[in-house]
Number of protein chains: 2
Amino acid sequence: MADPTPQAPSLPDSENTEGQSEDLIHDLESGIEEAVVQALDDNNLERAHELLRLIHYTDIADLLERVDEQDRGLIIELIRGDFHPEILAELDDTVRDQVIDVLGLDDLAAAVVELDSDDAVEVLEELEEHEQQQVLEAIPESDRALIAEGLAYAEDSAGRLMQRELVTAPAFWTVGDTIDYMRSNADSDDNTLPDQIYSIYLVDPKHHPVGKVMLGDMLRSRRSVPLLEITEPEMRVIPVETDQEDVALLFSKRNLVSAPVVDTDGRLIGAITIDDIVDVIHEEHEEDIMRMGGVREDDLYDAAIDTTKARFSWLFVNLLTAITASVVIGMFDATIDQVVALAILMPIVASMGGNAGTQTLTVAVRALAMKELTATNTMRLVGKEFIVGSINGVLFAVLAGLVAWFWFESQALGLVIGLAMIVNMMVAGFAGTVIPVALDRAGVDPAIASSVLLTTITDVVGFFVFLGLAALILL
Amino acid sequence: MADPTPQAPSLPDSENTEGQSEDLIHDLESGIEEAVVQALDDNNLERAHELLRLIHYTDIADLLERVDEQDRGLIIELIRGDFHPEILAELDDTVRDQVIDVLGLDDLAAAVVELDSDDAVEVLEELEEHEQQQVLEAIPESDRALIAEGLAYAEDSAGRLMQRELVTAPAFWTVGDTIDYMRSNADSDDNTLPDQIYSIYLVDPKHHPVGKVMLGDMLRSRRSVPLLEITEPEMRVIPVETDQEDVALLFSKRNLVSAPVVDTDGRLIGAITIDDIVDVIHEEHEEDIMRMGGVREDDLYDAAIDTTKARFSWLFVNLLTAITASVVIGMFDATIDQVVALAILMPIVASMGGNAGTQTLTVAVRALAMKELTATNTMRLVGKEFIVGSINGVLFAVLAGLVAWFWFESQALGLVIGLAMIVNMMVAGFAGTVIPVALDRAGVDPAIASSVLLTTITDVVGFFVFLGLAALILL
């Protein structure tokens, strides 16, 4: 560990506290958002335009997401003249569709030309085929080829994610050669350098990547130092068809900042940088959390009717499982007819099993998503969760048994609910790990199907064991 | 958009496909992990040591997390001689505690010295006070002061997250001045440069940050260019006490790669870089997903008994809500006694309300976590979810009504379940948005408490409306 940079002596200085009082996240939240919406409501477009000039393009993107469709159209018209192309890359898919409709294909093409190739591909990939063609035809040929190639890679692959613009250097160059090359390139009209540069890739004559030099290491080395002397000790090469989720995991696990992407012949064709990865991580997390809640992604900005349709199918599956549980209860209608207390108590057993199972399931699904479950520890997790379910099963058997005993003044009823609780919570602990692991091995995303399978099992087992034991013991 | 770098002509080249066949994420999964565990089981420590030398330190960290406590101890002893300090920064808290116990405080101190200050603070913050003191005393004074200062900032604050080592330059320097400074600094014994450099901060004489220069922009500029000419158009300054969650959101929203951190007097005291942010994002997502599932974080690697204890409290709350639902059912015992079909069908209404509400809740909790819900769109979301709940309520009322009608040959029973379904799903849509928004405004994390409140409401309303309508209509 090194010393910090020297600091000026500690003089109190109350005038300069920039960045302290303002809201860190949103200029919008400091009231400009409301002011814009108010100005639009008042039909004071001049005032709205003035306010829109004050805020950062990422905040304009946020604002576009939050307002309703009508205001969205108005805002686009106001900023059309000085439209910041990066706004398109920031928008949620549903909102972007609408913004593009208002913007029109000509202005869209003008904006797309200004974007880095990865962002351009992201904007265009959601368009319909004929719209894509129309936009592509409206942009200069050199850019067009790059974007068309990007679109040719599979969705959610490294090929879609990567930036085509990158800095490469022959492996025999020195630091001085490279700096000279970058300076002359930056000065020329035909600037081929990307906006953000984190590292420089060394290539052999066949354009295979043979090393990576971080910019910081270049800046602290003398001009005569060969690049090969200051390459990173390890370089991970990403095949172009790799899924973006795997790329994101690799970046997180290996603490990478950038990585080269190669085609099937091992030639360097692009680079992925960590700022793209942050978006992927958010996306994948959103996918996981939404799927576990039974929601399609991108739900927030959808119209009510689209959301209703999308949620219907999940609720329909749940209706079927609820009916299944009811069929199980129906098998014991004669028993319930004799002891109505059973109908009162039976949801407790099912609900506790469902909740205990969901706890286990959450841990297992998350561990699978982070690739933390391997052959070595999966069986140990299954065993541990079974034990956890059993111990908590016994504890809650005692609690629920006492409640039933005193409520209905029946020791036998307390015994029945206690035994059913133990069985159901053991089953919950077991099913909560085995279901997601089995789904994962079968190639199904465990975040989608696990919870409905689990609650079906805990409901069916809960009702069946509780009512079945009651029929045996109480009657 | 710029042209890509020129590529070598496309010759097929089957020899060079490095990185294509190997597993991208884990060397471990290629079988080395199993081989190490096998060697440990066979007590063949020499073989295990040999294998451990082959794998990347991040994979050793993963392996330490996955094996059981005994193997963990064996592995630490094997790698003690060439222990990679960064392993400590990679470990889960529970596992790190154990590793530190085996490692001992002296070897820990030796490792901590090698870490960047932010990682050192992360490793030490979980130790008990007297252990912290012991480690701090064993490391050189200059490093000690830095780490102790880091530990003085609040947990999860920007101060804990930031790196103290950074490159600063007086605002009047040129590109050439800066490169010369970095080269001579790197050559000197007293190297104060951080391992990874993304940007250079310009400071005024009071050490206030006045600009940020990206390294890429420095490398493409001539030596005579003043740094002030190539500063980033915008620089966000982060107050040291900012919560890490807000810092992560700022980085994501503004696509930042690095940002300066200032003390209360506005003086530059450190920098946060995007690689630290990736860890925070994972951590915050884990927190959200775990809390929604009723689990404490860090659960995967806890011992069974600790997990059981941690989950008990959540299950206990659920027991109370389940009993509340049972009390509601108990109010209608006479009704159930007369129509046993009610006991069979009643879980359907409650379950559909719970699932519909959970869908809504998931969207709302996620939007709150991402700060996407503001004054402008919150009311619109509440309205939309109420509409979605109502429409799906009507659709599932028809389906459930038909099922009940044909199953029990009673139109009246079909009517009762249908009406109850509409009411409960409308309530679910409304409660699913209003509960998390209200909790968030009250300063409670909506991820923790929302779902238990929601299912209590949908259970109570579901049972009460269904059985209450039955008592009115059927009897």
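Being a predicted model, the structure only gives us computed values, none of them experimental. Every residue gets a number counted from 1 within its own chain, in the order that chain's sequence is written. Both sets of labels track the order of writing: A upward for chains, 1 upward for ligands. Restriction of local features to residues with pLDDT of at least 70 applies here, the model being predicted, together with a cutoff of 80 or more for giving and counting side-chain atom pairs; totals for whole chains, interfaces and linings are based on all residues. Processing note: side-chain calculations cover all non-hydrogen atoms of the structure and skip hydrogens and water entirely.

1. Concerning the overall build of chain A
No. 1: When helices and strands are tallied, chain A shows 21 helices and 6 strands.
No. 2: Atoms considered for the radius of gyration are the C-alpha atoms alone. The globule rule reads 2.2 Å times the number of residues to the power 0.38. The globule rule puts the C-alpha radius of gyration for 475 residues at 23 Å, and the 30 Å found for chain A is more than 25% above it.
No. 3: Across the 475 residues of chain A, 59% fall into the buried class.
No. 4: The contact definition used throughout considers only heavy atoms, calling two residues in contact when any of these lie within 4.5 Å. Taking all contacts inside chain A whose residues are at least 6 apart in sequence as the whole, residues at least 24 apart take part in 66%.
No. 5: Using the Shrake-Rupley algorithm and a 1.4 Å probe, accessible areas are obtained, with residue cover drawn only from the displayed protein chains. Counting every atom, chain A has about 18300 Å² of accessible surface; 54% of that belongs to carbon and sulfur.
No. 6: Counted charges follow a simple rule, with Lys and Arg positive, Asp and Glu negative, and His plus the chain ends left uncounted. Working definition for charges: the position is that of NZ of Lys, CZ of Arg, CG of Asp or CD of Glu. Charged side chains of chain A number 28 positive and 85 negative; the gap between the two group centres comes to 8 Å. Numbering of helices and strands runs from the N terminus; a helix is a DSSP stretch of H or I covering at least four residues, while a strand is a stretch of E covering at least two. A simple rule labels every residue: compare its accessible area, found with a 1.4 Å probe on the protein chains alone, to the largest value its type can have, and call it buried under 20%, exposed over 50%, or partly exposed in between.

2. Comments concerning the environment of Thr378(A)
All names here are of chain A.
No. 1: Of note, Thr378 is situated in helix H19 (residues 375-408).
No. 2: Given the relative accessible area of 7%, Thr378 is considered buried.
No. 3: The spatial distance from the C-alpha of Thr378 to the C-alpha of Ile435 is 12 Å, given a sequence separation of 57 residues.
No. 4: Under the rule applied, a polar contact is a pair of N or O atoms within 3.5 Å (in protein, one hydrogen donor and one hydrogen acceptor; residues adjacent in sequence only if both atoms are side-chain atoms). A polar side-chain atom of Thr378 sits 2.7 Å from the main-chain carbonyl oxygen of Thr374.

3. Brief notes about the interface of chain B and chain A
No. 1: On the side of chain A, 184 residues touch chain B, which itself brings 184 residues to the contact.
No. 2: Using a 1.4 Å probe, buried area is obtained as the accessible area two parts lose upon being combined, added over both of them. Both faces considered, chain B and chain A share a buried interface measuring about 15600 Å² in area, 59% of it formed by carbon and sulfur atoms.
No. 3: Salt bridge, as used here: a side-chain nitrogen of Lys or Arg that lies within 4 Å of a carboxyl oxygen of Asp or Glu. Close ionic contact of Arg311(A) with Glu385(B) constitutes a salt bridge, the shortest N to O distance being 2.8 Å.
No. 4: For the pair chain B and chain A, the interface holds 46 residue pairs in polar contact (both at pLDDT 80 or more).

4. With respect to the sheet that holds strand E5 (residues 258-262) of chain A
Residue and element names in this part refer to chain A.
No. 1: Paired strands are those between which DSSP finds at least two bridges. The sheet built from 3 strands is open, its strands ordered E4-E5-E6 with mixed pairing. A strand with exactly one partner marks an edge of an open sheet, and here the two such strands are strand E4 (238-239) and strand E6 (268-273).
No. 2: Of the pairings in the sheet, the one linking E5 to E6 comprises 5 bridges and is antiparallel in character. If you follow Ala259 over to E6, its bridge partner there is Ile272.

5. Side note on the pattern of salt bridges
No. 1: Here the structure, examined in full by the defined rule, presents 42 salt bridges over all chains.
No. 2: Across the pair Glu234(A) and Arg236(A) runs a salt bridge, and its minimum N-O distance is 3.9 Å.
No. 3: Classification of Glu234(A) by relative accessible area gives partly exposed; the value is 29%.
No. 4: Linking Glu287(B) and Arg291(B) is a salt bridge whose minimum nitrogen-to-oxygen distance equals 3.4 Å. Taken together, the residues Glu287(B) and Arg291(B), both in helix H15 (residues 274-292) and 4 residues apart, mark about one turn of the helix.
No. 5: In this structure Glu287(B) comes out as buried when scored by relative accessible area, which is 16%.
No. 6: In this structure Arg291(B) comes out as partly exposed when scored by relative accessible area, which is 23%.
No. 7: A single network of salt bridges, built from pairs that share partners, joins Asp59(A), Glu234(B), Arg236(B) and Arg254(B).

6. Details of the relation of the copies chain B and chain A
No. 1: Between chain B and chain A, the superposition needs a rotation of 180° and an axial shift of 0.0 Å, giving an RMSD of 0.1 Å. Such values leave the two copies arranged in the relation of a two-fold axis.
No. 2: When the interface residues of chain B are mapped onto chain A, 100% of them again fall at the interface, so both copies present the same face. A least-squares fit on C-alpha atoms brings the copies together, and the residues used are those whose pLDDT is at least 70 in both copies.

7. What about empty space enclosed by the protein?
No. 1: Cavity and pocket criteria rest on a 1 Å grid covering protein atoms alone: a 1.4 Å probe that fits but cannot get out defines a cavity, protein on both sides within 12 Å along at least 5 of 7 lines defines an open pocket, and an atom within 4 Å of a point defines a lining residue. Grid points are joined across faces, edges and corners, and a volume is the space filled by probe spheres set on the points. Following the criterion strictly, the structure yields 13 cavities of 30 Å³ or more and no others.
No. 2: One number sums up the size of the largest cavity: a volume of about 1100 Å³.
No. 3: Taken together, 47 residues form the lining of the largest cavity, with Asn355(A), Thr455(A), Asn355(B), Thr358(B) and Thr455(B) sitting closest to its centre.
No. 4: Residue assignment for the lining of the largest cavity shows that the elements contributing at least two residues are helix H15 (274-292), helix H16 (304-330), helix H18 (341-369) and helix H21 (446-473) of chain A together with H15, helix H16 (304-330), helix H18 (341-369) and helix H21 (446-473) of chain B.
No. 5: Looking at the lining of the largest cavity, the element that brings in the most residues is H18(B), giving 10 residues.

8. Quick word on the packing of H18(A) against H15(B)
No. 1: In contact at an axis separation of 10 Å, H18(A) and H15(B) are set at 155° when each is read in the N-to-C sense. The angle between the axes of H18(A) and H15(B) places the two elements in the roughly antiparallel class. Crossing angle aside, the handedness with which H18(A) passes H15(B) is right-handed. Contacts between H18(A) and H15(B) pair Thr362(A), Val363(A) and Arg366(A) from the former with His282(B), His285(B), Glu286(B), Ile289(B) and Met290(B) from the latter.
No. 2: Each residue belonging to the contact of H18(A) with H15(B) can be placed in one class, and the counts come to 3 nonpolar, 3 polar and 2 charged. A fitted line through C-alpha atoms serves as each axis, taken over the contacting stretch for helices, and the angle formed by two N-to-C directions is quoted from 0 to 180°. Here is the rule for angles: anything less than 35 degrees is roughly parallel, anything more than 145 is roughly antiparallel, 65 through 115 is roughly perpendicular, and the remaining ranges are oblique. Should the near helix be turned anticlockwise from the far one by less than a right angle, the crossing is termed left-handed; should it be turned clockwise, right-handed. By the convention adopted, Pro, Cys, Tyr, Trp, Phe, Met, Ile, Leu, Val and Ala count as nonpolar, Lys, Arg, Asp and Glu as charged, and the other residues, Gly among them, as polar.

9. Describing H16(B)
No. 1: Helix span is expected to be 1.5 Å times the residue number reduced by one. An ideal rise of 1.5 Å per residue puts 39 Å on 27 residues; H16(B) measures up with 36 Å between its terminal C-alpha atoms.
No. 2: Where H16(B) bends most, the angle comes to about 30°, and this point is Phe312(B). One fitted axis covers the seven residues ending at a residue, a second covers the seven starting there, and the bend at that residue is the angle between these axes.

10. Considerations on the packing of aromatic side chains
No. 1: Only centres within 6.5 Å qualify two rings of Phe, Tyr or Trp (six-membered ring in Trp) as a pair; their planes then separate them into stacked at under 30 degrees, edge-to-face at over 60, and tilted for everything else. Here the structure, examined in full by the defined rule, presents 14 aromatic pairs over all chains.
No. 2: Ring plane angle 25° and centroid distance 4.7 Å describe the contact between Phe312(A) and Phe396(B), whose orientation is recorded as stacked. With Phe312(A) in helix H16 and Phe396(B) in helix H19 (residues 375-408), this residue pair bridges two chains.
No. 3: Note on Trp407(A) and Phe408(A): the rings are 4.8 Å apart at their centroids and 20° apart in plane angle, and the pair reads as stacked.
No. 4: Aromatic rings pair up to connect Phe312(A), Phe316(A) and Phe396(B) into one cluster.

11. Looking at the side chain of Thr307(A)
No. 1: Note on placement: Thr307(A) falls in helix H16.
No. 2: Residue classification places Thr307(A) among the buried residues on the basis of a relative accessible area of 0%.
No. 3: Polar side-chain contacts of Thr307(A) include one of 3.1 Å to the side chain of Lys384(B).
No. 4: Other than its neighbours up to four places away in sequence, Thr307(A) contacts Asp299(A), Asp302(A), Lys384(B) and Val388(B).

12. Digging into the domain arrangement of chain A
Interface size is commonly expressed as the accessible surface area that is lost when the partners come together.
No. 1: These domain boundaries are the output of an automatic or database domain assignment. For chain A, the assigned domains are domain 1 (28-155), domain 2 (168-272) and domain 3 (304-473).
No. 2: For domain 1 of chain A and domain 3 of chain A, the distance between their C-alpha centres works out to 47 Å.

13. Focus on the environment of Asp41(A)
No. 1: Among the structural elements, Asp41(A) can be located in helix H1 (residues 32-41).
No. 2: A C-alpha to C-alpha distance of 61 Å links Asp41(A) and Lys206(A), two positions 165 residues apart in sequence.

14. Regarding the packing of H18(B) against helix H20 (residues 411-441) of chain B
Residue and element names in this part refer to chain B.
No. 1: For the pair H18 and H20, interaxial distance at closest approach is 8 Å and the crossing angle is 25°. In this view, H18 runs roughly parallel relative to H20, as classed from their interaxial angle. You can see that H18 and H20 cross each other, and the crossing is right-handed.
No. 2: In terms of residue class, the contact of H18 with H20 is built from 20 nonpolar, 7 polar and 1 charged.

15. Some remarks on the pairing of strand E6 (residues 268-273) of chain B
No. 1: Summarising burial for E6(B): 6 of the 6 residues are buried, a large majority.
No. 2: If you look at the hairpin formed by strand E5 (residues 258-262) of chain B and E6(B), you'll find 5 residues sitting between the two strands, and Gly266(B) has a positive phi there, around 80°.

16. What about the sheet that holds strand E3 (residues 209-214) of chain B?
Residues and elements named next belong to chain B.
No. 1: Here we have 3 strands laid out as an open sheet, ordered E1-E2-E3, and mixed in their pairing. In this open sheet, the two strands that pair with only one neighbour each are strand E1 (168-170) and E3. Here the average twist between neighbouring strands, direction ignored, is 30°.
No. 2: By the bridge criterion, 5 bridges tie strand E2 (residues 199-203) to E3 in an arrangement that is antiparallel. Residue pairing across strands places Leu202 opposite Gly211, the latter belonging to E3.

17. Let's talk about the confidence of the model for chain A
No. 1: pLDDT is a residue-level measure of predictor confidence that goes from 0 to 100. Here chain A averages 88 in pLDDT, and 93% of its residues register 70 or above.
No. 2: Both confidence scores are given for the complex: pTM 0.85, ipTM 0.84.

18. Re the environment of Gly389(A)
Residue and element names in this part refer to chain A.
No. 1: On the secondary structure map, Gly389 appears in helix H19.
No. 2: Once the C-alpha coordinates of Gly389 and Ala48 are considered, the two residues, 341 residues apart in sequence, prove to be 58 Å apart.
No. 3: Once residues within four sequence positions are removed from consideration, Gly389 is found in contact with Met425 and Met426.

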